[in-house]
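# Chain and residue survey
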Amino acid sequence: MKYLITGGAGFIGSHLSDALVARGDSVVVLDNFTTGNKENLSGVVNSVSVVSGDILDSALVTKLVGECDFVVHLAAALGVFNIVNKPLESLTTNLKGTEIVLEAAAKFNTPILVASTSEIYGKNNKVPLNEEDDRIIGHPLKSRWSYSEAKAVDESLAYFYFQEKGLPTRLVRFFNTVGPRQVGHYGMVVPRFVSAAVSGDALSVYGSGEQIRCFCHVSDAVRALLLVMDSDKAIGEVFNVGNNQQISIMDLAKKVISVTGSSSSIEMLSYEKAYPAGFEDMERRVPDISKIERVLGWKPQIGLEQIIKDIAAHNAGRAHK
Ligand SMILES: NC(=O)c1ccc[n+]([C@@H]2O[C@H](COP(=O)([O-])OP(=O)(O)OC[C@H]3O[C@@H](n4cnc5c(N)ncnc54)[C@H](O)[C@@H]3O)[C@@H](O)[C@H]2O)c1
């Protein structure tokens, strides 16, 4: 099989590229390297064809989709700081970009998986959140919510392409996915804490630190992606993908310090200081993953301690290069 991965030089996409190459598939990556990096594909550089370009380039996307058997659409503008600081660019990439990729897939009736996010649930604090739960969204003029809005429209678009045109679409809603190669400077908490702990800097906990989150190792997430991509049972469906082990951000900071053997301190930073004015966050975000377990037999296998160790080891490896 020949797979086109949009955003394939990014964090999840590069791990998926590794997994597809390892099982003998061929991979074409389309990426504009805004948050992705060619170095992420260094292990498969001879097996993956990397196209530097934008998903907003409809002619290029159509050409590449026409040459492939399956599309995995991961390209997106993401990271809290990108979304809040460049709302227009983020919204355009996430809305128009997905529309272009879906239009191209529909032209050739090429099966497609579209990546979505737990952010679509917005401020819904229900624990755990299942695929049928409602969205509770803030004000549309707050850039904070534009990512949630765009990804929700992406889901609808993908689903209605399936329903009205019979395009074999699949949707995956990632909850916090973490691991080696993820970068911290766009607002991802685990890589930010690990880098600070390893360098002996203070770990900045935003807000009260009582927010509850769950973290899924990227290799577990890639295993889920492959199951969704390979199974006809996933066509026209949406699946939550995440780990349901809960931890507060304060306890996460303490755990990162203990697992890395760091002497770093923890400092508290108010949301007002950490984010632009008017930022809102969710208190809890816990996935219900019973659907993907029931339909495809997937469960996460890797815990937080191993995640922290893997990120620290990866960073140490890069520092020695
Ligand atoms: N990592 C997570 O915790 C998480 C959670 C929820 C959803 N997701 C979704 O998973 C997907 C992959 O995320 P990731 O964590 O690997 O992030 P990432 O930033 O590492 O990957 C996104 C990739 O898309 C590329 N890209 C951005 N705009 C582009 C454009 N206009 N044209 C071509 N390429 C472009 C970036 O350069 C990057 O390589 C995204 O759709 C994201 O919304 C991720």
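Residues numbered from 1 in each chain as written. Predicted model: local features only at pLDDT ≥ 70, side-chain atom pairs only at ≥ 80, totals over all residues.

### As for the overall build of the protein
Heads up, the condition is: For the purposes of this entry, the term helix denotes a DSSP run of H or I that reaches at least four residues, the term strand denotes a run of E that reaches at least two, and both are numbered from the N terminus. Computation of the radius of gyration draws on C-alpha atoms alone. For the globule rule, the value is 2.2 Å times the number of residues to the power 0.38. The burial label depends on the number of other C-beta atoms within 10 Å of a residue's C-beta. Counts of 20 or more mean buried, 12 or fewer mean exposed, and intermediate counts mean partly exposed, with C-beta atoms placed from the backbone. A residue pair is marked as a contact if its C-beta atoms, positioned from the backbone, fall within 7 Å.
Across its full length, the protein holds eleven helices and 13 strands. Taken over C-alpha atoms, the radius of gyration comes to 19 Å for the protein, in line with the 20 Å a tight globule of 321 residues would show. Counting only C-alpha atoms and orienting by the principal axes, one finds that the protein spans roughly 55 × 45 × 40 Å. Burial analysis of the protein (321 residues in total) assigns 43% to the buried set. The long-range share in the protein, meaning contacts at least 24 apart out of those at least 6 apart in sequence, stands at 78%.

### Quick look at the sheet that holds strand β11 (residues 238–241)
To keep it simple, the criterion reads: Pairing between two strands requires that DSSP report at least two bridges joining them. Interaxial angles span 0 to 180 degrees and are taken between N-to-C directions of axes, which are lines fitted to C-alpha atoms, for helices over the stretch in contact.
If you walk across this open sheet you meet the seven strands as β3-β2-β1-β4-β5-β6-β11, and the pairing is parallel. The sheet is open, and its two edges are formed by β3 (48–52) and β11, each paired on a single side. This sheet shows a mean twist of 20° between the axes of neighbouring strands, independent of strand direction. Summarising the sheet, strand β2 (residues 26–31) and β3 pair through five bridges and their orientation is parallel. Note on β3: the bridge partner recorded for Val29 is Val50. Most of the contacts of helix α1 (residues 11–22) go to β2, to which it runs at about 165°, and overall it touches β1 (2–6), β2, β3 and β4 (70–73). This element, helix α4 (residues 87–108), spans β1, β4 and β5 (112–117) of the sheet and lies at about 170° to β4.

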